[in-house]
Amino acid sequence: MHMNSAPHLLTEDRPEYERILDDALRHAHERPDLAAVGERLNPVQLRTMAMAATALITAAAATEYEHYVKAREEIRAAAASGPDEDADPGAFGPRQSGAGVGVVITVLAPVLAGTAAVIFLLIGYILKALDPPPSFARTMVGAGWFFAAAMAAAILVAAVGLLVTALRNGSTSVPAEEHGEEFPEDVARAREAWRHALLERGILPFLRDALADPGAAPAARIPQRSPNRIPKIGYSRPDFTSPDDGPAAAPRPTFTSPDFTSPDFGGPEHELE
């Protein structure tokens, strides 16, 4: 399996890597090449091995990941920088003002038209009830119905505008699940290309190689440590011996009392005369 030198997997993309790995293990039974999952190695062991080899697996989709990260960073940088400070201030002023006026008109037009319709219709029909009705009563009623039609048209235009905006946002952006960000369509395509390459060229070949490795121990033969078994520590207690068993003691010095004799019992030279 050919591996390219890949950029380091960013922390924000690691949950996505784990999600793709878990999804592949969850649907392993649907792939004939992964039918040995659970016989030689179980999903937990395979996941542990794949997490330890993250750098090796992600290297298979290095080109797609680099393109995805670059496109994402460009979008974030453009959103963070905002308008160019060196640009003409008037270049953004009229456009922002026009957008504000359009929103105000869209919101206020139905309200104003509806209010005018009620006023003109009410006054017009009251005038028509008079005997004889004034000549402008019919004009008031006609103006009221005109504003009623304008109110309906304004409501319809506002609804269509909201629908078009919602469809545009839905088709040109995709939410980043882990961050709640919305990316344009090109970033979404780059992200999907990386995910597909990571699965097809990285995760699945790694799982197939792990299952085909003849040195892989079957899952059922992995020794389990008994929870009640206490391992022995390789130390023995010191060998203490009593003083009686030690080396023989040296002989103790002996003392004798001095030999005192009386003058009467001296030697022959002291005999009495």
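Just so we're clear, the structure is a prediction, and the values are computed from it rather than from any experiment.

Draft legend 1. Representation of the overall build of the chain in the model. Each helix and strand counted, the chain has seven helices and two strands in total. Mapped from its N terminus to its C terminus, the chain presents α and β elements in the order α-α-α-α-α-α-β-β-α. When the 273 residues of the chain are sorted by exposure, 24% land in the buried category. The contacts in the chain between residues at least 6 apart in sequence include a share of 74% that link residues at least 24 apart.

Draft legend 2. Region of the structure containing the environment of proline 184. Tracing the chain through its elements places proline 184 in strand 2 (residues 181-184). A residue is classified by how much of its surface remains accessible, and proline 184, at 28% relative accessible area, is partly exposed.

Draft legend 3. Just a nonpolar patch on the surface, in detail. A surface patch of nonpolar side chains, amounting to about 450 Å² of accessible area, comprises Val103, Val104, Val107, Leu108 and Leu112. By secondary structure assignment, the location of valine 107 is in helix 5 (residues 89-128).

Draft legend 4. Representation of the nonpolar core within the structure. Ranked by size, the top nonpolar core spans 32 residues in total, and within it Tyr17, Leu46, Leu198 and Ile203 carry the most contacts. Elements with a minimum of two residues in this core: helix 1 (14-26), helix 2 (43-52), helix 4 (62-81) and helix 7 (185-212). By residue number, the principal contributor to this core is helix 7, which donates 12 residues. Ignoring any residue separated from it by four or fewer positions in sequence, one finds isoleucine 203 in contact with Tyr17, Ile20, Leu21, Ala24, Ile57 and Leu198.

Draft legend 5. A look at the pattern of salt bridges. In total, this model carries 16 salt bridges according to the counting rule given. Where arginine 47 meets glutamate 18, a salt bridge forms, and the shortest distance between an N and an O atom there is 3.6 Å. Of this pair, arginine 47 sits in helix 2 while glutamate 18 sits in helix 1, placing them 29 residues apart in sequence. Owing to a relative accessible area of 27%, arginine 47 belongs among the partly exposed residues under this scheme. Using a relative accessible area of 25% as the deciding quantity, one classes glutamate 18 as partly exposed. Across the salt bridge formed by arginine 201 and glutamate 64, the nearest N and O atoms sit 2.9 Å from each other. Here the residue arginine 201 occupies a position in helix 7, and glutamate 64 occupies one in helix 4, the gap between them amounting to 137 residues. Members of the salt-bridge network, linked through shared partners, are Glu12, Asp13, Arg72, Glu73 and Arg76.

Draft legend 6. Structural detail: the packing of aromatic side chains. All told, the structure shown has four aromatic pairs when counted by the stated rule. With 5.8 Å between their ring centres and 15° between their planes, tyrosine 68 and tryptophan 194 make a pair best called stacked. Within this pair, whereas tyrosine 68 is found in helix 4, its partner tryptophan 194 is found in helix 7, the two being separated by 126 residues in sequence. Across the pair, exposure class does not vary: tyrosine 68 and tryptophan 194 are buried alike. Here the aromatic rings of phenylalanine 120 and phenylalanine 147 are separated by 5.5 Å at their centres, their planes lie at 15°, and the arrangement is stacked. On the criterion of sequence distance, the pair formed by phenylalanine 120 in helix 5 and phenylalanine 147 in helix 6 (residues 137-172) is long-range, its members being 27 residues apart.

Draft legend 7. Layout of helix 4. Along its 20 residues, helix 4 runs 28 Å from first to last C-alpha, staying within 8% of the 28 Å computed at 1.5 Å per residue. Restricting attention to buried positions, one finds in helix 4 the residues Ala62, Tyr65, Tyr68, Val69, Ala71 and Arg72.

Draft legend 8. Unusual backbone geometry, seen in detail. The omega torsion of the bond from aspartate 131 to proline 132 falls at -5°, within 30 degrees of zero and hence cis. Its location among the elements puts proline 132 in the loop between helix 5 and helix 6.

Here is what the cut-offs are and how they apply
- Residues numbered from 1 in each chain as written.
- Predicted model: local features only at pLDDT ≥ 70, side-chain atom pairs only at ≥ 80, totals over all residues.
- Heavy atoms only, no water.
- Helix = DSSP H or I, 4+ residues; strand = E, 2+ residues; numbered from the N terminus.
- Buried < 20%, exposed > 50% of the residue type's maximum accessible area, 1.4 Å probe, protein only.
- Contact = heavy atoms within 4.5 Å.
- Patch = residues over 30% accessible without salt bridge, like charges linked within 9 Å, V, L, I, M, F, W, Y side chains within 5 Å.
- Areas by Shrake-Rupley, 256 points an atom, 1.4 Å probe, with all protein chains shown as cover.
- Salt bridge = Lys/Arg side-chain N within 4 Å of Asp/Glu carboxyl O.
- Core = buried A, V, L, I, M, F, W, Y, C linked by side-chain atoms within 4.5 Å.
- Phe/Tyr/Trp six-rings, centres within 6.5 Å; stacked < 30°, edge-to-face > 60°.
- Expected span 1.5 Å × (residues − 1).

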